[in-house]
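# Descriptive analysis of the structure
As a plain string of letters, each chain reads:
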Amino acid sequence: MMVKINIKRIGIAGLLASIVIAAYYAWEVHAAYQYTIDKVLPLEKTADYPLQLSSLTKRQLNILLKVEDPLFFKHQGIDFSTPGAGITTITQGLVKHIYFENFKSGIAKIKQTLIARYVLDPLMPKKMQLKRFINTVYLGPKATGFEQAAEKYFHKQFSELTEDQYIALVAMIIAPATFNIEKYPERNKERVTRIKKIISGEYKPKGLCDLYYGKLDQETQKYLAPFSYFESYYE
């Protein structure tokens, strides 16, 4: 009899905990929704960015999406199925920087995912998301956005970059410190080579988190985000 009572209490406690958690995330999503309408969108519409989406050629945009978010124009903020896409879309990346002061993996990922799906993607048009991304993506110290990064690493305006130089910047997005053009030119060069194989169709990602398109040496692995590299793909 006592066992049955304890099981019932555990069940009730679990139900109450689930209700509290659901209510918490519902409130977070609601707050983010209102914040987006009141603050994010008005500021975005008047933002004085150095690059417009039209500053990228069609090929440059295709390269960016092929590496970062292949189904960007089709998904609703999240995508956990496309091989090579990982678990963070461009929309989720924007959420990380817009709605979090200090993002830490773990339960924050749930909030990030919910806001991407139910707030940012419904409210901010895809083209506006991309415009913000190309102007705010972190590419190392004093290199925020593609224009600033082009000037820092190549001493050129973005419009003057060669295709290989552009891909070198795209190669840094996943881990700016690890694949830094100045500090680790060989790592960056190797990633550029692998990205070019992705673009040409010569290499096809082997799974959701096949983000590096081949094995990485032990030293490089030390500086990657947890659970972003799976050597089992390449065995």
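Residues numbered from 1 in each chain as written. Predicted model: local features only at pLDDT ≥ 70, side-chain atom pairs only at ≥ 80, totals over all residues. Heavy atoms only, no water.

## As for the overall build of the protein chain
Quick note on the threshold: Under the scheme used here, helices are H or I runs from DSSP no shorter than 4 residues and strands are E runs no shorter than 2 residues, and both carry numbers assigned from the N terminus. Residue exposure (1.4 Å probe, protein chains only): buried if accessible area is under 20% of the type maximum, exposed if over 50%, otherwise partly exposed. Contacts are assigned to residue pairs that have any heavy atoms within 4.5 Å of one another. Reported accessibility uses the Shrake-Rupley method at a 1.4 Å probe radius. Residues are deemed covered only where the shown protein chains occlude them. In this tally, Lys and Arg are treated as positive and Asp and Glu as negative; His is ignored, and so are the chain termini. A charge is said to be at NZ when it belongs to Lys, at CZ for Arg, at CG for Asp and at CD for Glu.
Along the backbone of the protein chain there are nine helices and zero strands. Beginning at the N terminus, the succession of helices and strands in the protein chain can be written as α-α-α-α-α-α-α-α-α. Across the 235 residues in the protein chain, those meeting the buried criterion constitute 46%. Intrachain contacts of the protein chain at a sequence separation of at least 6 include 53% that bridge at least 24 residues. Carbon and sulfur atoms make up 58% of the accessible area of the protein chain, which totals about 13600 Å². For the protein chain, the distance from the average position of its 32 positive side-chain charges to the average position of its 23 negative side-chain charges is 7 Å.

## Comments concerning the side chain of Asn188
Position of Asn188 among the secondary structure elements: in helix α8 (residues 185–200). Setting aside its immediate chain neighbours within four residues, Asn188 contacts Ala168, Ala171, Met172, Phe179, Asn180 and Ile181.

## Overview of the packing of helix α3 (residues 90–99) against helix α5 (residues 126–136)
Quick reminder of the rule: Each axis is a line fitted through C-alpha atoms, taken for helices only over the stretch in contact, and angles between the N-to-C directions span 0 to 180 degrees. A clockwise turn of the near helix away from the far one marks a right-handed crossing, whereas an anticlockwise turn of less than a right angle marks a left-handed crossing. For this classification, Asp, Glu, Lys and Arg are treated as charged, while Ala, Val, Leu, Ile, Met, Phe, Trp, Tyr, Cys and Pro are nonpolar and the rest, including Gly, are polar.
For the pair α3 and α5, the least separation of the axes is 10 Å and the interaxial angle reads 60°. In terms of crossing hand, the pair formed by α3 and α5 is left-handed. Here Ile90, Thr91, Leu94 and Ile98 of α3 lie close against α5, whose contacting residues are Lys126, Gln129, Leu130, Arg132, Phe133 and Thr136. The class makeup of the residues in the contact of α3 with α5 is five nonpolar, three polar and two charged.

## So, α8
Threshold: The span expected for a helix works out to 1.5 Å for each residue beyond the first.
In this model, α8 (16 residues) spans 23 Å end to end at C-alpha, consistent with the 22 Å of a helix rising 1.5 Å per residue. If you check which residues of α8 are buried, you get Arg187, Asn188, Arg191, Val192, Arg194, Ile195 and Ile198. For α8, the elements touching its buried residues are α2 (58–68), α7 (163–172) and α9 (218–221). Trailing α8 by a residue or two, Gly201 shows a phi angle of about 90°, which is positive.

## Let's talk about the packing of aromatic side chains
Stated formally: In this scheme Phe, Tyr and Trp rings, the latter by its six-membered ring, pair at centre separations within 6.5 Å, and the angle between planes marks the pair as stacked below 30 degrees, edge-to-face above 60, and tilted otherwise. Charge over a ring is defined by NZ of Lys or CZ of Arg lying within 6 Å of the ring centre and within 35 degrees of the ring normal.
With the rule as written, the count across this model stands at 13 aromatic pairs. Connected via pairs of aromatic rings, a cluster forms that spans Phe179, Tyr212, Tyr229, Phe230, Tyr233 and Tyr234. The side chain of Lys111 reaches across the aromatic face of Phe100, ending 4.9 Å from its centre. The ring of Phe179 carries Arg191 above its face, with NZ or CZ at 5.5 Å from the centroid.

## Comments concerning the side chain of Glu68
Condition: Here, a salt bridge means any side-chain nitrogen of Lys or Arg that lies within 4 Å of a carboxyl oxygen of Asp or Glu.
Looking at the element boundaries, Glu68 is found in helix α2. No salt bridge is formed by the buried Glu68; its nearest oppositely charged neighbour, Arg191, is found at 5.1 Å. Among all residues touching Glu68, those that are not within four sequence positions of it are Ala85, Thr88, Ile90, Val170, Ile173 and Ile174.

## Description of the packing of α3 against helix α4 (residues 108–123)
So the rule is basically this: Between 65 and 115 degrees an angle is taken as roughly perpendicular, under 35 as roughly parallel, over 145 as roughly antiparallel, and anywhere else as oblique.
It is the contact of α3 with α4, at a shortest axis distance of 9 Å, that shows an interaxial angle of 105°. Overall, the two elements α3 and α4 adopt an arrangement that is roughly perpendicular. Note on element contacts: α4 touches α3 through Lys109, Gln112, Thr113, Ile115, Ala116, Val119, Leu120 and Asp121, opposite Thr91, Gln92, Gly93, Leu94, Val95, Lys96, Ile98 and Tyr99. Here the contact of α3 with α4 is composed, by residue class, of eight nonpolar, five polar and three charged.

## Structural notes on the environment of Ile181
Checked against the element boundaries, Ile181 lands in the loop between α7 and α8. Among residues more than four places away in sequence, those in contact with Ile181 are Tyr153, Phe154, Ala168, Leu169, Met172 and Asn188.

## Quick notes on the nonpolar core
Definition in use: Among the buried residues, those of types Ala, Val, Leu, Ile, Met, Phe, Trp, Tyr and Cys that are joined through side-chain atoms within 4.5 Å form a nonpolar core.
In this structure, Leu64, Tyr99, Phe146 and Tyr166 are the most contacted members of the largest nonpolar core, which totals 62 residues. Of all the secondary structure elements, the ones that give two or more residues to this core are α1 (2–46), α2, α3, α4, α5, α6 (145–154), α7 and α8. Residue contacts for Leu64: discarding those within four places in its chain leaves Leu56, Asp69, Phe133, Ile134, Phe146, Tyr166, Val170 and Ile173.

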